[in-house]
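Survey of secondary and tertiary structure
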Amino acid sequence: MKLRRVSKSLIFTSIFLAELGVILNSVELLKLSVLPLLLLVFPNFPFKAELMSAKLEGGERVGETLEVSVELRVAGFGLIKAMHKLPDTFELVEGSNAVGKFIAGIGVIRISYKCVPLKRGLYNLGVVFVEAENNFATWRARAKIEFEAKREVKSRVYRVRKVEQRRGIARKPSPEIDLSRIGVPGTDFREIRKYSYGDPVKFINWKATAKIGELMVNEFEREGKKTVWIFLDTNPYMLHGDLRRNCFETAVEIAASLAYYFAVRGHKVGFYAVGHELLIHPESGRRQFGKIYSTLAKLDVSDREESFLSAVERSRKYIEAVKPASIFITRVELSNPLKAVMKATGRGNLPVSVIAIAFRDDSMGGIVENAMRDSTIRKLRAAGVEVTEVEAGKAALVGMVK
């Protein structure tokens, strides 16, 4: 227990009156010197607080309302204050997480409020602080109550109805209608091409081989849909903005939404976190989405930078094998992904699109960044790349999702 200033004043007053009573030989002053001590200890009753119930509903995703209800049973006398500890990344929207109540004997304190998590992460919401104080503000006691209430906040996943892609240099820019390069060969004839190592002998076109003078094989359409590869920028410069308008959090939400959109529609989805050198092999279905989503829930910005060109090079053997449609999610003014995009396009004119996360402000630095971003976007579009601008903090993929 910490001795407060008012308590020290009462003690000094009591000592002063006692000394004055001894010097003046006054019984009245000696009796009066006891009064400050009585004020100091009265009413200093035993204080005890315990948890009766705690209920937390919602708040499992960024922006989703979390309803908190906590009941405490408190024994004591005086003003009792209770506060449910809330992380800095949670915003109160209704009520208060701190209450005060005068209690004489035994009483119940209820804390009820609503808040909104603004950032992904694993949070401990099971801490309540209780403080007791008597009427004369001469005595104070504190207690800490802990209970099991961990909450993992994940990214929002938007319901995407359609992904629009503008035709550029790619002959088949839309993964929706493009067939996979891998999978079981179907019965629809596609083309005659040169023999590659691993091609089945039964596909050799002997007439074309005899005519051209080298091994030629029949190519059939593969069953399955186009593979989609998502490159998410996690470099340090992505951590830009505030809790509500954050480039990295917006990029994570977009990556999660696109992964869900393509995975549940039968596309194989691959993922690469640029900066962490983290690669997830392409697969399809809800299980693949769950793997990517759980990775995104724990993902944070990297400690060091990795270029997109390096990321594409690390994924090169997979890109050459499955010929995917690549999606780059980044701040283009700082990553300058043009070379990497063209490398991902390759000789086969593979479909590539870029989602440019924008954080616009009116400061001098913001004006320079806006100019750099606009210039980079013009270069990308001039090269035939589909570019979609999304402002940080927006709740929809503007221009790409309808």
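For the structure, see preceding data.
Residues numbered from 1 in each chain as written. Predicted model: local features only at pLDDT ≥ 70, side-chain atom pairs only at ≥ 80, totals over all residues. Heavy atoms only, no water.

On to the side chain of N370, then. Tracing the chain through its elements places N370 in helix α11 (residues 364-382). In this structure, N370 is in contact with F359, R360 and D361, ignoring residues within four places of it in sequence. (Helix = DSSP H or I, 4+ residues; strand = E, 2+ residues; numbered from the N terminus. Contact = heavy atoms within 4.5 Å.)

Okay, α11 next. Helix length check: α11, at 19 residues, gives a terminal C-alpha distance of 27 Å against a target of 27 Å (1.5 Å per residue), a fit within 8%. Turning to α11, its buried residues number three or more, namely G366, E369, N370, R373, T376, I377 and L380. Seen along its axis, α11 keeps its buried residues to an arc of 135 degrees; they face one direction. With respect to the buried face of α11, the exposed residues turned more than 90 degrees away are M364, R378, K379 and A382. Tucked into the core, α11 has its buried residues touching α9 (332-335), α10 (338-345), β15 (352-358) and β16 (386-391). Following α11 by one or two positions, G384 adopts a phi angle in the positive range, close to 90 degrees. (Expected span 1.5 Å × (residues − 1). Buried < 20%, exposed > 50% of the residue type's maximum accessible area, 1.4 Å probe, protein only. Arc of directions from axis to C-beta.)

As a further point, take the sheet that holds β16. The 6 strands are arranged β13-β12-β11-β14-β15-β16 in an open sheet whose pairing can be described as mixed. Of all the strands in the sheet, the pair left with one neighbour each is β13 (278-283) and β16. Shown here is a sheet whose adjacent strand axes are inclined to one another by a mean of 15 degrees, direction ignored. The pairing of β15 with β16 spans 6 bridges and is classified as parallel. Residue pairing across strands places S353 opposite E386, the latter belonging to β16. (Pairing = 2+ DSSP bridges. Axes fitted to C-alpha atoms, helices over the stretch in contact; angles between N-to-C directions.)

In terms of burial, strand β11 (residues 228-233) is a largely internal element, 6 of the 6 residues being buried. Where burial is concerned, the two faces of β11 agree: the one with V228, I230 and L232 and the one with W229, F231 and D233 are both buried. For the segment spanning β11, helix α5 (residues 247-263) and strand β12 (residues 269-274), crossover handedness is right-handed. Note that β11 and strand β14 (residues 325-330) share 5 bridges and pair parallel. Pairing of F231 across the sheet is with F328, part of β14. (Right-handed = clockwise from strand over helix to strand, strands pointing away.)

Approximately 200 Å³ is the volume found for the second largest pocket. Elements with a minimum of two residues in the lining of the second largest pocket: β4 (98-117) and α5. When residues are assigned to domains, the lining of the second largest pocket turns out to be shared by domain 2 (48-153) and domain 4 (228-391), each giving three or more. (1 Å grid on protein atoms, 1.4 Å probe; cavity = no way out; pocket = protein on both sides within 12 Å on 5 of 7 lines; lining within 4 Å. Points joined across faces, edges and corners; volume = space filled by probe spheres on them. Domains from an automatic or database assignment.)

Purely spatial values, then, with no claim about function.
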